[in-house]
Amino acid sequence: MSEQMTMGDWYLAQTKANSHLIAERHLTRQGFDVFLPMTRVTQRRGPRFVSRQRPLFPGYLFVREAPGSAPPSAIGHTIGVLRRVVVAGRPARVPDDLVKALRAFCVGDEPPDTPANDLPVGSRVRIAHGPFADFIARVERAHPDGRVAVLLEVAGQHHRLKLDRTQLGLKPE
């Protein structure tokens, strides 16, 4: 494989199955800049909803050579890394603008899909997905786990529902 990585450019590395955190840790220890974009996935486990962080691109992470880092050939020999991604015999370069956009999407330590507390109590929202799609509800409370408690009026009675934040559409005007 060619050693033609350019200082400051981002490249892709493929990780071994479920070894993204190990690869990130070992590449960082070798002095490389590493970016592992994460997303939050909420799943139902019995009666509860559980949120977990998962890689946005499972099996891949972004690597950039930094001053004082190990040589680029070390990337493919790092614990947790399967190989550098190459195209036509050269490491696959990732545009800096794409990495910047992904970093903006994954602001700070909070991955995307973390509910913003932009739904004040009493505001009206449209349910976008699920069996109550297109119904209008009133926000009762936003929970830190990504769910929102809403009151839904059906046939003259109020029903309390706990919905995932992603099930709610924009506020009706």
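Residues numbered from 1 in each chain as written. Predicted model: local features only at pLDDT ≥ 70, side-chain atom pairs only at ≥ 80, totals over all residues. Heavy atoms only, no water.

Undergrad: Go over the overall build of the protein chain with me, naming the residues and quoting the values.
TA: The number of helices and strands found in the protein chain is two helices and 13 strands. For the protein chain, buried positions account for 38% of its 173 residues. Carbon and sulfur atoms form 53% of the exposed surface of the protein chain, whose accessible area is close to 10500 Å². (Helix = DSSP H or I, 4+ residues; strand = E, 2+ residues; numbered from the N terminus. Buried < 20%, exposed > 50% of the residue type's maximum accessible area, 1.4 Å probe, protein only. Areas by Shrake-Rupley, 256 points an atom, 1.4 Å probe, with all protein chains shown as cover.)

Undergrad: Residue-level account of the nonpolar core, with values.
TA: By size, the foremost hydrophobic cluster in this structure holds 13 residues, and its most contacted members are Ala13, Leu27, Phe32, Leu61, Val63, Ile75 and Val81. Mapped onto this core, the elements with two or more residues apiece are helix H1 (20-29) and strand S5 (60-64). Counting residues in hydrophobic clusters, the runner-up holds ten residues, among them Val139, Val150, Leu161 and Leu163. (Core = buried A, V, L, I, M, F, W, Y, C linked by side-chain atoms within 4.5 Å.)

Undergrad: Report on the packing of aromatic side chains, specifying residues and quantitative values.
TA: Under the criterion given, the structure shown has two aromatic pairs. Arranged with centres 6.1 Å apart and planes meeting at 80°, the rings of Phe57 and Phe62 form a pair that is edge-to-face. The class for Phe62 is buried, based on a relative accessible area of 5%. An aromatic cluster is built from Phe35, Phe57 and Phe62, whose rings are joined through pairwise contacts. (Phe/Tyr/Trp six-rings, centres within 6.5 Å; stacked < 30°, edge-to-face > 60°.)

Undergrad: Describe the environment of Pro58, listing the residues and the values that go with them.
TA: Tracing the backbone through its elements, the reader meets Pro58 in the loop between strand S4 (48-55) and S5. Residue classification places Pro58 among the exposed positions, given a relative accessible area of 61%. The spatial distance from the C-alpha of Pro58 to the C-alpha of Pro37 is 9.5 Å, given a sequence separation of 21 residues.

Undergrad: Quick one: what's the story with the pattern of salt bridges, residue by residue and with numbers?
TA: One side chain can pair with another of opposite charge once the charged atoms of both are near each other. For the structure on display, the rule yields four salt bridges. Between Arg64 and Asp33 there is a salt bridge; the shortest N-O distance is 3.2 Å. A residue pair is termed long-range when its members are at least 10 positions apart, and Arg64 in strand S5 and Asp33 in strand S2 (residues 33-35) qualify at 31 residues. For Asp33, a relative accessible area of 28% translates into the label partly exposed. Of the charged contacts in the structure, one is a salt bridge between Lys100 and Asp96, with a shortest N-O distance of 3.4 Å. Taken as a pair, Lys100 and Asp96 lie in helix H2 (residues 96-105) at a separation of four residues, close to a single helical turn. You can call Asp96 partly exposed: its relative accessible area is 27%. (Salt bridge = Lys/Arg side-chain N within 4 Å of Asp/Glu carboxyl O.)

Undergrad: Report on the environment of Pro67, specifying residues and quantitative values.
TA: Take Pro67: it is sitting in the loop between S5 and strand S6 (81-84). The exposure class assigned to Pro67 is exposed, which follows from its relative accessible area of 74%.

Undergrad: Please set out the side chain of His20 residue by residue, giving values where relevant.
TA: Topologically, His20 is positioned in helix H1. The contact partners of His20, leaving out residues within four places of it in the chain, are Thr15, Leu36, Pro55 and Leu61. (Contact = heavy atoms within 4.5 Å.)

Undergrad: Please set out the pairing of strand S3 (residues 38-45) residue by residue, giving values where relevant.
TA: In the sheet, S3 pairs with S4 via eight bridges, with the strands oriented antiparallel. Bridge pairing links Gln43 to Val50 in S4. Hairpin remark: S3 followed by S4, antiparallel, with two residues in the connecting loop; positive phi at Gly46, about 65°. (Pairing = 2+ DSSP bridges.)

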